[in-house]
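Here is how the chains run, residue by residue.
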Amino acid sequence: MRIEPRETQSIPGLIAALILAIGAAMAVCSVLILWGGASPVNGWILMVQGAMGSKFAITEILTRATPLIFTGLAAAVAFRAKLWNIGGEGQFYIGACMAVLLGTKGAWPAWVMIPYLFTAGALAGGLFLLIPTLLKTHLKVDEVVTTLLLNFVVLLFVNWLVFGPWKDPMSMGWPQSEPVIDSALLPVILSKTRLHLGFVLAVATAVLVWLFMERTVWGFEIRAAGANLKASRFAGMPVTSAIVRTAMISGGLAAMAGVSELLGVKGYLTTDLSAGFGYSGIVVAMLAALHPLGVVASALFVAAIYIGADSMSRAINISNYIADVTTAVSLLAVLVALFFTKYRIRRR
Amino acid sequence: MDIVNFFLETGFWVAMVRMATPLIFGTLGELICERAGVLNLGIEGIMAAGCMGGWMWVFLGGSLWGGIGFAACVGMTLGLLHSVFSVYLGLSQHVTGLGITMLGSSLSAFVFRMLLPKATTPPKIVPFQSLDIPFLSGFPFLGEVLFSQTALTLLALAAVVGVAYVLYKTPLGLAICMVGENPMAVEAQGLSVFGLRTLAVCAGSAMMAVGGAFLTLSAFDAYYIGMVNGRGWICIALVVFSSWKPYKALWGCLLFAAFDALQMRVQQQAGMAIPYQFYLMLPYIFSIVALIVMSRKAAYPKALLIPFRKGER
């Protein structure tokens, strides 16, 4: 057996490979449903019904996809430059912390407050990712481990904040911060649902990131640094500053997920504000083959799996961890699928 | 200062060696993988799977050593999966490793919930007991620190010697180290690069899973979701800290565990002078500082992260 690169990569081939990968993930999931003593077909019907069956379910998917789009973009931009930012979870909470720090006092109107909190949060998240990035560029410390370890540090810090200095005296003893002022909250865009303006912002951000990566010199430098570091350096590109810029953008995007989730869903800080969005963002980015617009589609897909699997697991009494298993299997299957769009296996 | 008193207590040293045990297994496992040129970021998930698998084996009526064996098999299976992706297909080791971690963590949580759907408080098993070897355990201090541990801790210490012996003194070990430095040369000698890497990743993953099983079969008697709690990631930092050398890895794990045991005691002693969350942060910050200090001297295996394809240069 021999693995050979393909000369051409076709778009229909890519789509077929992705569909096959999702099929493989569904097959694995079916085995788990069978094990739970239910019929997979029934399970899948319940899952689709749970995800798409009502207006409410669809808006729940869009709400759930909102932070995933931001964290997915964060991972996609960083991975394009081969900056392995696994710290989305930490940067998410940094953004949420900034939103609480600056958003609980004062009486500014919404059109000042919301852009202000997003900008401040993004800046804080970007600066936070600079720590491991500068360690990488200047001291050659592996950023995978440092960004990961910093997630634990940030979460403990948030834990301290909501149990200690930021604890809301009005919260009846629950560990949560004071709520942000009303004008800082993202308005709900469809009445009687949780769907908030953050979703529109997330999609707009995805388009902006796409234009940035495809149409600007900075975007080109980021992609070039990721594609071939040595060649870019040889060509006289400012590689280090390209990586630093990538870090600011990636950390900023992940922090925007935290700001949007805080201002759009809860309004106050808790330690369970993120349902692992920083980590799921990596799956989202990989499913999208690191394409900014693909991130929107794959965030919707991952959110639909979660909402659907959650409702199915309740209906047929199967553990809701089935959603996590399905996304993990989809990630691995898509990696293999993407491989076969670039390579073929030839028997000798 | 009271801190000096902690070091004079035997209990502190006993706790240190106990807390180092899962880290020793995990670090050695990761070290073997990385020596063969494969970064295994699946460690956190593999430890979680070993943790749950080993416990479930015993809970369902198997023996304790059977649980360790089962955990090793689970680890090996996940290692094999990781090899298919990272060795044979040559996919990005960062991403496939994270995929394995997600799979291992979520699957173990899922299986636990499916087998024990009604368990509200985690059910318990009878874990490994401390050995109390008649003559040796009676020795003042050293006897207590080393020989009143469970058998798994002694196994971890033996594994350090075993791994060092295999890596440095056997042809197989030399081939594994070589495959992480210069796979082309190994290929030229007529050895299989793929085979050696797969073997190393499977063996290493089995050790990681045993480290996870230590948590549920020796350190605690119950399993709860999320109990590995970042230990796997710390093992990865410890491998860099040890410059890929087994004996240095042992010292790294002991130093780290001493730090952990100390923070627990200081935390109890000092009351709430400094919030406990800051003590809990220390191990992670310490890992980062250790990485910074050691990065100057870090001599990565040269082929780490680089997939090997026949005939490609």
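The paragraphs below set out a description of the structure included in this document.

Criteria and cut-off values
Residues numbered from 1 in each chain as written. Chains lettered and ligands numbered in written order. Predicted model: local features only at pLDDT ≥ 70, side-chain atom pairs only at ≥ 80, totals over all residues. Heavy atoms only, no water. Phe/Tyr/Trp six-rings, centres within 6.5 Å; stacked < 30°, edge-to-face > 60°. Helix = DSSP H or I, 4+ residues; strand = E, 2+ residues; numbered from the N terminus. Buried < 20%, exposed > 50% of the residue type's maximum accessible area, 1.4 Å probe, protein only. Lys NZ or Arg CZ within 6 Å of the ring centre and 35° of its normal. Axes fitted to C-alpha atoms, helices over the stretch in contact; angles between N-to-C directions. Parallel < 35°, antiparallel > 145°, perpendicular 65-115°, else oblique. Left-handed = near helix turned anticlockwise from the far one by under 90°. Contact = heavy atoms within 4.5 Å. Buried area = accessible area lost by both parts, 1.4 Å probe. Polar contact = N/O pair within 3.5 Å; in protein donor to acceptor, adjacent residues only side chain to side chain. Nonpolar A, V, L, I, M, F, W, Y, C, P; charged D, E, K, R; others polar.

**Things to note about the packing of aromatic side chains**
Inspection of the entire model under this criterion finds 20 aromatic pairs over all chains. Note on Trp160 of chain A and Phe278 of chain B: the rings are 4.9 Å apart at their centroids and 75 degrees apart in plane angle, and the pair reads as edge-to-face. Within this pair, whereas Trp160 of chain A is found in helix α6 (residues 143–163), its partner Phe278 of chain B is found in helix α13 (residues 276–295), the two belonging to separate chains. When its relative accessible area of 22% is taken as the criterion, Trp160 of chain A is described as partly exposed. Judged by relative accessible area, Phe278 of chain B falls into the partly exposed class, the value being 25%. Every member of this aromatic cluster is reached through a ring pair, and the members are Trp55, Phe59, Phe112 and Tyr223 of chain B. The ring of Tyr306 of chain A carries the charged tip of Arg64 of chain A above its face, separated from the ring centre by 4.6 Å.

**Describing the packing of helix α11 (residues 231–241) of chain B against α13 of chain B**
Residue and element names in this part refer to chain B. Where α11 contacts α13, the axes come no closer than 9 Å and their chain directions differ by 25 degrees. Accordingly, the angle class assigned to the pair α11 and α13 is roughly parallel. The hand of the α11/α13 crossing is left-handed. Between α11 and α13, the residues in contact are Ile234, Ala237, Val240 and Phe241 and Tyr284, Ser287, Ala290, Leu291 and Met294, respectively.

**Structural notes on the interface of chain A and chain B**
With 44 residues of chain A at the interface, the matching set in chain B holds 46 residues. With both chains or domains summed, chain A and chain B bury close to 4100 Å², and 83% of this area falls on carbon and sulfur atoms. Counting the surface chain A buries against chain B, the share from its top three residues, Leu149, Tyr321 and Leu332 of chain A, is 15%. Linking chain A to chain B there are 2 residue pairs in polar contact (both at pLDDT 80 or more). Broken down by secondary-structure element, the contributors of at least two residues to the side of chain A that touches chain B are β1 (2–5), α1 (11–35), α5 (110–139), α6, α11 (277–287) and α13 (322–342) of chain A. The biggest single contributor to the side of chain A that touches chain B is α6 of chain A, with 13 residues. Residues of the side of chain A that touches chain B, tallied by class, amount to 35 nonpolar, 5 polar and 4 charged.

Don't take any of this as a statement about function, it's just geometry.
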